[in-house]
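Inside the fold
Read off the chains here:
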2 protein chains.
Amino acid sequence: MKSKAIEEIKVSAKSLHDFMMNIMLKAGVRRDVAFYVTDGLVQTSLRGVDSHGLRLFPHYLKGVKGGRINPDPKYVFKRTSASTGKLDADHTFGHAAGMEAVRKAIELAKEAGTGHVAVYNSSHFGAAAYYALEIAKHDMIGFSFTNTDALIKPHGGKEPFLGNNPIAFTVPCEDEEPLCLDMATSVVTFNKIRQLRDSGLEAPPGVGADRNGVETTDPHKITTLLPIGGYKGYGLSLMIEVLCSLLTGMPYGPNIPKMFEAPMSQHRMLGHFMIAVRIDCFQPVSAFKKRMSLLMNDLRSSPAIDKHNPVMVSGDPEKKKRSEREKAGIPLTKIEYEALIALAEEYGVPFP
Amino acid sequence: MKSKAIEEIKVSAKSLHDFMMNIMLKAGVRRDVAFYVTDGLVQTSLRGVDSHGLRLFPHYLKGVKGGRINPDPKYVFKRTSASTGKLDADHTFGHAAGMEAVRKAIELAKEAGTGHVAVYNSSHFGAAAYYALEIAKHDMIGFSFTNTDALIKPHGGKEPFLGNNPIAFTVPCEDEEPLCLDMATSVVTFNKIRQLRDSGLEAPPGVGADRNGVETTDPHKITTLLPIGGYKGYGLSLMIEVLCSLLTGMPYGPNIPKMFEAPMSQHRMLGHFMIAVRIDCFQPVSAFKKRMSLLMNDLRSSPAIDKHNPVMVSGDPEKKKRSEREKAGIPLTKIEYEALIALAEEYGVPFP
């Protein structure tokens, strides 16, 4: 009963945003940096992607305290050609670094048709969709990539090497929010495995392997995740590693300091890669957006296995969640609620 | 015995190239166009990707005869910004159109850091790797995409809608051929399903569904392919559709004339998308290539499940095959051999 009651705590996005901003400012985070972290986390929670939403807020604050994250960065951007540039993020929050890179990519694209920005000396940036969605607001197609620490095993290998590196892709369309694909290259996340352990359930086949690299459905034995489509997801993860680790000059695979296990004083040394592509360099924008909506609606009205569950396109579940949560507020789990209450006390900011 | 003897027919890449060039010229295909089709098919067969190699040659010639493929195209390239352009391929072979686009993308990248070319009014281009590998020869990262006719079903849907649209990605490295990922977004190809039907074997789970959209392992019941990672592969396929159908102005999904079923007089109306990214806009080329080889070798020497099967990186199986076939020649199946002999007679060109 108690757990249920707590699960029903819902807080409006606006209240959570204000609360988190106030804490960030008290923690000494510069206002513009604080804004992007807060906005990124709240927007992500609104879209129902709780794994990458405000759940991460307490962890990030530890990073500021420990010295992992620089709350007052000096960005250095170097344009290297008409359509490319590099951003030194000075070890600040990935959210702020990512949005700075997006701004630059959009500027480059306005001038040169496309913009590509490699971000180095960064930290965890939350959900990749946040950046690609910003690009789509400018009548551009957006791509956002990040490396992550070692989690998936190479095809035929035993041990985690590459991260389950995500790709986000957005396309503006008519009369609704952009199409948005945001996917990790593993079949499921490690969080999912932890949930299965807690609930005593078996994992589905094809999602994880044990310490010998052998597939198992026992979540307690799973030490490494499997990539989607075997060698295909492994290859996609490698592609993202090239963009985010090799082109940025950052560490790769097992050399990347781990998010939770590394000391909070250690910089993460993450890399991101952002691409903005102007639609009007290929098609008239309004005709393109109309056709894009037509394609999405053709897919949605294509025959479904279950009549009551129509076919969806990338980002539809998040759009639905967003409209629910904009009205009803963002639900907090017991753990999230307690962590926020503890922060409220620690920083002397009243919880809404 | 007979079948075995025929399976052992191997022909050198050079002889096949000359033979195919002569036939193309007799069929009235312009020399530069003929070269790219022949080279694309032979290189692909050399790399062991037989599904997209010279097996397709007789089919392409039917396309020339039927009017589907224009053997003497007038390309129209329009540069639309510093880093972007559009290529009207005038319904010629995808191989020639693709290589023309790659040349333009490389030119754009030399000037603007990156080059993006949308190709429209094209036809089947064979293996996506062929184009991305050409880009990698210029110290650039290469991407190549194409749409294909409807083959995979949307997540939750019953019927094929999007193609199993492939992505190819290449990265130059030190002392060996580039890293090369070339993958379709379905778990297996439809060719694989046909092979299983012929051999009376069951399909593995998770590769195909029947006409009601329900997964089945009976290859005779499979009418639609499943994307890798469920909604993830579906989303990737949609991403490629946006680049190749929406940005090019070409038909999408079920509106794309089908390769084998459509009349040979009908243009395919396919679209491709090529991207070239200059490495030196992000890192010094030689340091990048060294590090790239280090990453690849770290992966190869990471612990393998089976000691005798070391971990590979994208493109390793094709590199191995290539070095074998460069020595021993390209093996022909009975069907391929007979089809080539028939063409030799039809066009009056001696088979090597």
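As the structure is a computational prediction, the values presented were derived from the model and not from experiment.

Below, the discussion takes up the overall build of chain A. In terms of regular secondary structure, chain A is built from 11 helices and 11 strands. With the principal axes as the frame, chain A shows a C-alpha extent of 55 × 50 × 45 Å. For chain A, long-range pairs separated by at least 24 residues make up 65% of all intrachain contacts whose partners lie at least 6 apart in sequence. In the form shown here, chain A has an accessible surface area of approximately 13,900 Å², with 53% of it arising from carbon and sulfur atoms. Once the 43 positive and 39 negative side-chain charges of chain A are each reduced to a mean point, those two points are 1 Å apart.

Let us look at the relation of the copies chain B and chain A. The operation relating the pair of chain copies consists of a rotation about an axis and a translation along that axis. For the pair chain B and chain A, the best superposition has an RMSD of 0.0 Å and corresponds to a rotation of 180° with a translation of 0.0 Å parallel to the axis. Taken together, the turn and the small shift mark the pair as related by a two-fold rotation axis. Mapped onto chain A, 100% of the interface residues of chain B are again interface residues, and the two copies thus contact each other with one and the same surface.

What follows concerns the interface of chain B and chain A. Counting residues at the interface gives 70 residues for chain B, matched by 70 residues for chain A. Summing the contributions of chain B and of chain A, the shared interface buries around 6,100 Å²; its carbon and sulfur component is 70%. Together, Lys232(B), Phe282(B) and Arg291(B) form the three largest contributors to the area buried by chain B at its contact with chain A, with a combined 12%. Counting across the interface, chain B meets chain A through zero salt bridges. Along the contact surface separating chain B from chain A lie 34 residue pairs in polar contact (both at pLDDT 80 or more). For the side of chain B that touches chain A, the elements supplying multiple residues, two or more each, are strand 2 (76-81), strand 3 (84-88), strand 4 (114-122), strand 5 (140-146), strand 6 (167-171), strand 7 (179-183), helix 8 (231-246) and helix 9 (285-300) of chain B. Sort the elements by how many residues they give to the side of chain B that touches chain A and helix 8 of chain B lands first, with 10 residues. Classifying every residue of the side of chain B that touches chain A by side-chain character gives 41 nonpolar, 22 polar and seven charged.

On to the environment of Leu299(A). Looking at where Leu299(A) falls in the secondary structure, it is placed in helix 9 (residues 285-300). Residues Leu299(A) and His138(A) lie 161 residues apart in sequence; the distance between their C-alpha atoms is 25 Å. Those residues in contact with Leu299(A), other than ones at most four positions away along the chain, are Val311(A), Val313(A), Pro154(B), Phe161(B), Tyr234(B) and Leu238(B).

Residue and element names in this part refer to chain A. Relative to the helices and strands, Asn-121 is located in strand 4 (residues 114-122). The class for Asn-121 is buried, based on a relative accessible area of 13%. Here Asp-88 takes part through its side chain, which lies 3.2 Å from a polar atom of the side chain of Asn-121. Apart from residues lying up to four places away in sequence, Asn-121 is in contact with Asp-88, Ala-89, Asp-90, His-91, Thr-92, Met-250, Met-269 and Leu-270.

Attention now moves to the domain arrangement of chain A. Reports often express the size of an interface as the amount of accessible area lost when the parts come together. Residue and element names in this part refer to chain A. Here chain A is partitioned into domain 1 (1-66 + 316-352) and domain 2 (73-186 + 227-282). Of note, the centres of domain 1 and domain 2, computed from C-alpha atoms alone, are 23 Å apart. Overall, the association of domain 1 and domain 2 removes approximately 1,900 Å² of surface from exposure, summing both partners, and the carbon and sulfur fraction of that is 66%. Area buried by domain 1 at its contact with domain 2 is led by Tyr-36, His-59 and Lys-319, which between them contribute 31% of it. For the pair domain 1 and domain 2, the interface holds one salt bridge.

Turning our attention to the pairing of strand 2 of chain B. Residues and elements named next belong to chain B. Relative to strand 3, strand 2 is paired through five bridges, and the arrangement is antiparallel. Looking across to strand 3, one finds that Ser-81 is bridged to Thr-84. Adjacent in sequence and paired antiparallel, strand 2 and strand 3 are bridged by two residues.

Residues and elements named next belong to chain A. In space, the seven strands of this open sheet follow the order 2-3-4-10-5-6-7, with mixed pairing throughout. Edge strands, defined here as strands with exactly one partner in the open sheet, are strand 2 (76-81) and strand 7 (179-183). The sheet shows a mean angle of 10° between the axes of neighbouring strands, taken without regard to direction.

Bringing the packing of aromatic side chains into the picture now. If you walk through the whole model with that rule in mind, you get 20 aromatic pairs over all chains. With a centroid separation of 5.8 Å and 85° between ring planes, the pair formed by Tyr337(A) and Phe351(A) is classed as edge-to-face. Remark: Phe351(A) occurs in the segment after helix 11 (334-347) and Tyr337(A) occurs in helix 11; sequence separation between them is 14 residues. Between Phe125(B) and Tyr131(B), the aromatic rings sit 4.5 Å apart at their centres with planes inclined by 25°, giving stacked as the arrangement. Residue classification places Tyr131(B) among the buried positions, given a relative accessible area of 0%. Through a chain of ring-to-ring contacts, three or more aromatic side chains come together here, namely Phe19(A), Tyr337(A) and Phe351(A).

Below, the discussion takes up the environment of Glu107(A). Tracing the backbone shows Glu107(A) in helix 5 (residues 94-112). Between the alpha carbons of Glu107(A) and Ala203(A) there is a distance of 45 Å; along the sequence they are 96 residues apart.

Moving on: the packing of helix 3 (residues 31-46) of chain A against helix 5 of chain A. Residues and elements named next belong to chain A. Remark: helix 3 packs on helix 5, axes separated minimally by 8 Å, with the N-to-C direction vectors making an angle of 95°. By the angle class used here, helix 3 and helix 5 are roughly perpendicular. Taken together, the residues of helix 5 that come into contact with helix 3 (itself represented by Val-33, Tyr-36, Val-37, Gly-40 and Leu-41) are His-95, Ala-96, Met-99 and Arg-103.

Another aspect to go through is the sheet that holds strand 6 of chain B. Residues and elements named next belong to chain B. With respect to topology, seven strands assemble into an open sheet ordered 2-3-4-10-5-6-7, the strand pairing being mixed. Two strands in the sheet have a free side with no partner beyond their single neighbour: strand 2 and strand 7. Neighbour-to-neighbour, the strand axes of the sheet open up by a mean angle of 10°, direction not taken into account. Bridge count between strand 6 and strand 7: five bridges; the pairing is antiparallel.

Turning our attention to the pairing of strand 10 (residues 270-278) of chain B. All names here are of chain B. Counting buried positions over the nine residues of strand 10 gives nine, a clear majority of the element. Taken together, the seven bridges between strand 4 and strand 10 define a ladder with antiparallel strand orientation. Opposite His-116, over in strand 10, you have Ile-275 as the bridge partner. With seven bridges joining them, strand 5 and strand 10 adopt antiparallel strand pairing. In the strand pairing of strand 10, Ser-144 is matched with Met-274.

Attention now goes to the nonpolar core. Within the largest apolar cluster, 98 residues are counted, with the highest numbers of intra-cluster contacts made by Ile141(A), Phe145(A), Met292(A), Ile141(B), Phe145(B) and Met292(B). Once you skip the residues sitting within four places of it in the chain, Ile141(A) turns out to touch Ile135(A), Phe169(A), Thr170(A), Val171(A), Ile275(A), Ala276(A), Val277(A), Ile279(A), Phe288(A), Val242(B) and Leu247(B).

Let us now look at the pattern of salt bridges. Overall, the coordinates contain 36 salt bridges over all chains when judged by the stated rule. Linking Lys290(A) and Glu174(A) is a salt bridge whose minimum nitrogen-to-oxygen distance equals 3.5 Å. In this pair, Lys290(A) is assigned in helix 9 and Glu174(A) in the loop between strand 6 (167-171) and strand 7, connecting sequence segments 116 residues apart. In this structure Lys290(A) comes out as partly exposed when scored by relative accessible area, which is 48%. For Arg268(B), the salt bridge identified is with Asp149(B), shortest N-O distance 2.9 Å. Within this pair, whereas Arg268(B) is found in the loop between helix 8 and strand 10, its partner Asp149(B) is found in the loop between strand 5 and strand 6, the two being separated by 119 residues in sequence.

Conventions we followed
Numbering of residues begins from 1 in every chain and follows the order in which that chain's sequence is written. Just so you know, chain letters begin at A and ligand numbers begin at 1, following the order they were written in. Reporting of local features is limited, given that this is a predicted model, to residues whose pLDDT is at least 70; pairs of side-chain atoms are given and counted only at 80 or more, and all residues count toward the totals for whole chains, interfaces and linings. Computation of side-chain values covers all heavy atoms of the structure but excludes hydrogens and water. The numbering of helices and of strands both runs from the N terminus, where a helix is a DSSP run of H or I of at least 4 residues and a strand a run of E of at least 2. In what follows, residue pairs with any heavy atoms lying within 4.5 Å of each other are defined as contacts. A 1.4 Å probe and the Shrake-Rupley method give the accessible areas. Residues count as covered only by the protein chains that appear here. Only four residue types enter the charge count, namely Lys and Arg as positive and Asp and Glu as negative; His and the chain termini do not. Note on charges: their place is set at NZ of Lys, CZ of Arg, CG of Asp or CD of Glu. C-alpha atoms of residues with pLDDT of at least 70 in both copies form the basis for the least-squares superposition of the copies. Once two parts are joined, some of their accessible surface, as seen by a 1.4 Å probe, is lost; buried area is that loss totalled over both. Every case where a carboxyl oxygen of Asp or Glu lies within 4 Å of a side-chain nitrogen of Lys or Arg is listed as a salt bridge. Polar contact criterion, stated in full: a pair of N or O atoms within 3.5 Å, where within protein one must be able to donate a hydrogen and the other to accept it, and residues adjacent in sequence count only if both atoms are side-chain atoms. We call Asp, Glu, Lys and Arg charged. Ala, Val, Leu, Ile, Met, Phe, Trp, Tyr, Cys and Pro are nonpolar, and the rest, Gly among them, are polar. Throughout this description, buried means an accessible area under 20% of the type-specific maximum (1.4 Å probe, protein chains only), exposed means over 50%, and partly exposed covers the range between. Residue ranges labeled as domains rest on an automatic or database domain assignment. Here, strands pair whenever DSSP counts at least two bridges between them. Geometry is summarised by axes, namely lines fitted to C-alpha atoms with helices restricted to the contacting stretch, and by angles between N-to-C directions that run from 0 to 180 degrees. For Phe, Tyr and Trp, where Trp contributes only its six-membered ring, two rings pair if their centres lie within 6.5 Å, and the inter-plane angle classes them as stacked under 30 degrees, edge-to-face over 60, or tilted in between. Any angle that falls under 35 degrees is termed roughly parallel, while one over 145 is termed roughly antiparallel, one within 65 to 115 roughly perpendicular, and all others oblique. The nonpolar core is taken to be a set of buried Ala, Val, Leu, Ile, Met, Phe, Trp, Tyr and Cys residues, with the residues joined through side-chain atoms within 4.5 Å.

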